[in-house]
Amino acid sequence: MLTQLRLRFLLAFVALLLLCGALTLVFLLAWHRRGDTFALALGALLSFFASVITALVTLTYLHVSRRSLAAAEAAIALQREQWQARITVQPRFWMGIRTESAERMDARFAARPLTVTYRRDRADGGESFYDTVAWPHIAVDVWNDGERSFRLAGYRLWVRNEEQLAIERPLSGFVVPPNELLSFPVTRELIALSVRQRQFAERYQRPPAEETLLGLRLFYSDWRDDNRSSRDDFYLLLCPPLAHEFRLERVDRLP
């Protein structure tokens with residue numbers, strides 16, 4: 001099957017052959033009828049026409065070659081972008097509360113929730129009392145959708161608009177293979193930040209804040225061995241009695 005470009009080329013080639021044959025016949029007839037002087041003038045004119053046709057063919061070839069070269073460069077650029085997208089490490093992560101079934105499947109988490117004792121003041125102004133609260137397990141899931149592994153060096157958690165309340169933790173040997181999901185716990189850090197502290201303890205002299213807006217950032221190294229940071233994600237932590245139970249919601253639009 002002839003493509004459209006080949007068909008056009010064959011038609012142009014046949015037309016050029018016919019034109020050359022017709023001009024040759026005209027030249028021979030004029031030469032025999034009118035002599036050498038007229039033949040020389042006609043030959044010069046035909047040479048001029050041949051030069052013009054050669055220039056037009058050359059310009060057409062350059063135009064077609066330029067278009068082909070632009071299309072090839074665009075295809076190469078697209079392949080380069082696709083290749084870079086496959087090998088570029090962009091970790092996807094999210095933070096959430098683990099259910100009991102998920103805790104049993106993940107050996108990184110303890111079998112029972114963490115219990116923390118808080119000091120609370122009575123509403124009537126009487127003596128304070130201590131209340132024990134069971135915190136659910138909270139973890140950060142990290143997904144690698146690329147074709148190369150990356151090493152998670154650490155993470156940073158902080159309370160928004162209170163930059164001094166930040167907790168940074170390194171992670172040792174946390175390598176995420178391609179197309180795999182790994183998790184690490186952050187329950188202790190969230191407990192400390194909920195009472196506006198940097199260190200976890202089993203007893204605090206104040207209750208947790210009912211509403212806390214938390215920021216999360218990851219630090220990682222990919223195959224280029226450069227230490228980079230991810231985007232910032234924000235989560236709203238709701239604690240009782242504002243919520244019936246502990247809730248963690250991702251915030252897309254910050255207030």
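Residues numbered from 1 in each chain as written. Predicted model: local features only at pLDDT ≥ 70, side-chain atom pairs only at ≥ 80, totals over all residues. Heavy atoms only, no water.

**Thoughts on the sheet that holds strand β2 (residues 114-120)**
The three strands are arranged β3-β2-β9 in an open sheet whose pairing can be described as mixed. Sheet topology places β3 (129-135) and β9 (203-204) at the edges, where each strand pairs with a single neighbour. Where β2 and β3 come together, seven bridges link them in antiparallel fashion. For R120, the partnering residue across the bridge sits in β3 and is F129. Taken strand by strand, helix α4 (residues 187-194) contacts β2, β3 and β9, and its axis lies near 5 degrees from that of β2. (Pairing = 2+ DSSP bridges. Helix = DSSP H or I, 4+ residues; strand = E, 2+ residues; numbered from the N terminus. Contact = heavy atoms within 4.5 Å. Axes fitted to C-alpha atoms, helices over the stretch in contact; angles between N-to-C directions.)

**Some thoughts on the pairing of strand β6 (residues 162-170)**
Two strands pair when backbone bridges link them, and strand β5 (residues 150-159) and β6 are joined in this way by six bridges, in the antiparallel orientation. Within β6, the residue paired with L157 across the bridge is I167. Between β5 and β6, which pair antiparallel and follow one another directly, the connecting turn spans two residues, one of which, N161, has a positive phi of 70 degrees.

**A closer look at unusual backbone geometry**
Cis rather than trans, the peptide bond between P240 and P241 has omega equal to 5 degrees. Of note, P241 is situated in the loop between β12 (233-238) and β13 (247-251). One non-glycine residue, N179, lies in the positive phi region at around 55 degrees. Its place among the elements puts N179 in the loop between β7 (175-176) and β8 (180-185). The backbone phi angle of R196 is positive, close to 60 degrees, even though this residue is not glycine. Within the secondary structure, R196 is located in the loop between α4 and β9.

**Let's talk about the confidence of the model for the chain**
On average, residues of the chain carry a pLDDT of 81, and 88% of them reach 70 or more. The low-confidence segment residues 101-105, where pLDDT is below 50, has four contacts with residues more than four positions distant or belonging to other chains. (pLDDT = per-residue confidence, 0-100.)

**Considerations on the side chain of R196**
A distance of 3.0 Å separates a polar side-chain atom of R196 from the backbone oxygen of L193. Excluding its chain neighbours within four sequence positions, the residues that come into contact with R196 are V159, E162, L165, R206, A209, E211 and T212. (Polar contact = N/O pair within 3.5 Å; in protein donor to acceptor, adjacent residues only side chain to side chain.)

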